[in-house]
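# Results of the structural survey
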Amino acid sequence: MPTTTTTYTTIPISGTDVIFRSFQNLSSFLSLLRPWPEFISNAASFDLPDSLHHAATRIRLNSKYFSVNYGIIITVCFVVSLIGDPKSLLIFGSVLTLWLVLYFFREDPMVVWGHHVHDHLVTAGLVFVTGIAVWWLGFVSSLLIGVAVGVLVSVVHGVFRNPRGIYLDEIDAESEGMISPTSVNSRVYDFSS
């Protein structure tokens, strides 16, 4: 019996489809945002951790649960640090949009003028464009200050926000007694009749 090999090829899609799907993925990513009232909560949700180990555990749990919120805080702090120079703000916005559309939220292979563009080439191009923008504008100090302030705010929130009542999945909620374990129904159904 002769063996046959099957060759699979990717279906090239247009650049507008890549951009459209990227924005759909961005929308679904932002849907993971936790509500801001839950993020801030009430004063009873904030207290001092018992030890350094508890502080690290709080940071780990809160960073998983509020990851999109922390990302937004860091981005906003960075953008606020660039408000004094509108040219830098516009170029940073353009470079960030390129990263989001061409790297983070792209699902399909990129095809330019009928040729498949490898992911490594896309990444190298984005790093090159980012490096040129940072070098040309000279906003490294603003970048570092903005990101440092955003990370500091996120870490302070992560340390002092008590993760009690935050459930990352059903297993955590079940272990805390918030939901009952899934049980197998013992009835046997007879569909033969």
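Since the model is a prediction, treat every value here as computed from it, not as a measurement.

## A few points about the overall build of the protein chain
Summing up its helical and strand segments, the protein chain has eight helices and two strands in all. A burial count over the protein chain gives 24% of its 193 residues as buried. Accessible area of the protein chain: about 13,900 Å², with a carbon and sulfur share of 67%.

## A short note on helix α7 (residues 140-160)
The end-to-end C-alpha distance of α7 is 30 Å, a good match for the 30 Å that 21 residues give at a rise of 1.5 Å each. Where α7 is concerned, the buried positions are G146, G150, S154, H157, G158 and V159. Buried residues in α7 make contact with α2 (36-40), α3 (52-65) and α4 (67-82).

## A short note on the packing of aromatic side chains
Taken as a whole and judged by the stated rule, the model has three aromatic pairs. Ring geometry for Y65 versus F66: centroids 4.9 Å apart, planes at 85 degrees, classification edge-to-face. Pair check on accessibility: Y65 and F66 agree, each one buried. Three or more aromatic residues link up through ring pairs in this structure, and these residues are Y65, F66 and Y70. The ring of W136 carries K87 above its face, with NZ or CZ at 5.1 Å from the centroid.

## Quick notes on α4
Over its 16 residues, α4 extends 23 Å from the first C-alpha to the last, a length consistent with the 22 Å expected when each residue adds 1.5 Å. Along α4, the residues classified as buried are V68, N69, Y70, I73, C77, F78 and L82.

## Some words on the packing of α3 against α7
Running from N to C, α3 and α7 cross one another at 115 degrees; their axes reach a closest spacing of 7 Å. Relative to α7, α3 is oriented roughly perpendicular. Where α3 crosses over α7, the handedness of that crossing is right-handed. From α3, A55, R58, I59 and N62 reach across to α7, where they touch V155, H157, G158, V159 and F160. Per-class residue counts for the contact of α3 with α7 are five nonpolar, three polar and one charged.

## Topic: a nonpolar patch on the surface
A contiguous nonpolar surface patch, about 690 Å² in accessible area, is contributed by L98, F128, V129, I132, W135 and W136. Here the element with the most residues in the nonpolar patch is helix α6 (residues 119-137); it accounts for five residues. Looking at where W136 falls in the secondary structure, it is placed in helix α6. By relative accessible area, W136 is classed as exposed at 54%.

## A few points about the pattern of salt bridges
Two side chains bearing opposite charge may form a pair once their charged atoms approach each other closely. Inspection of the entire model under this criterion finds one salt bridge. The salt bridge partner of D47 is R58, with a shortest N-O separation of 2.6 Å. In this pair, D47 is assigned in the loop between α2 and α3 and R58 in helix α3, connecting sequence segments eleven residues apart. Looking at D47, the relative accessible area reads 29%, which means it is partly exposed. Accessibility expressed as a relative area gives 8% for R58, which makes it buried.

Reading guide: rules and limits
- Residues numbered from 1 in each chain as written.
- Predicted model: local features only at pLDDT ≥ 70, side-chain atom pairs only at ≥ 80, totals over all residues.
- Heavy atoms only, no water.
- Helix = DSSP H or I, 4+ residues; strand = E, 2+ residues; numbered from the N terminus.
- Buried < 20%, exposed > 50% of the residue type's maximum accessible area, 1.4 Å probe, protein only.
- Areas by Shrake-Rupley, 256 points an atom, 1.4 Å probe, with all protein chains shown as cover.
- Expected span 1.5 Å × (residues − 1).
- Contact = heavy atoms within 4.5 Å.
- Phe/Tyr/Trp six-rings, centres within 6.5 Å; stacked < 30°, edge-to-face > 60°.
- Lys NZ or Arg CZ within 6 Å of the ring centre and 35° of its normal.
- Axes fitted to C-alpha atoms, helices over the stretch in contact; angles between N-to-C directions.
- Parallel < 35°, antiparallel > 145°, perpendicular 65-115°, else oblique.
- Left-handed = near helix turned anticlockwise from the far one by under 90°.
- Nonpolar A, V, L, I, M, F, W, Y, C, P; charged D, E, K, R; others polar.
- Patch = residues over 30% accessible without salt bridge, like charges linked within 9 Å, V, L, I, M, F, W, Y side chains within 5 Å.
- Salt bridge = Lys/Arg side-chain N within 4 Å of Asp/Glu carboxyl O.

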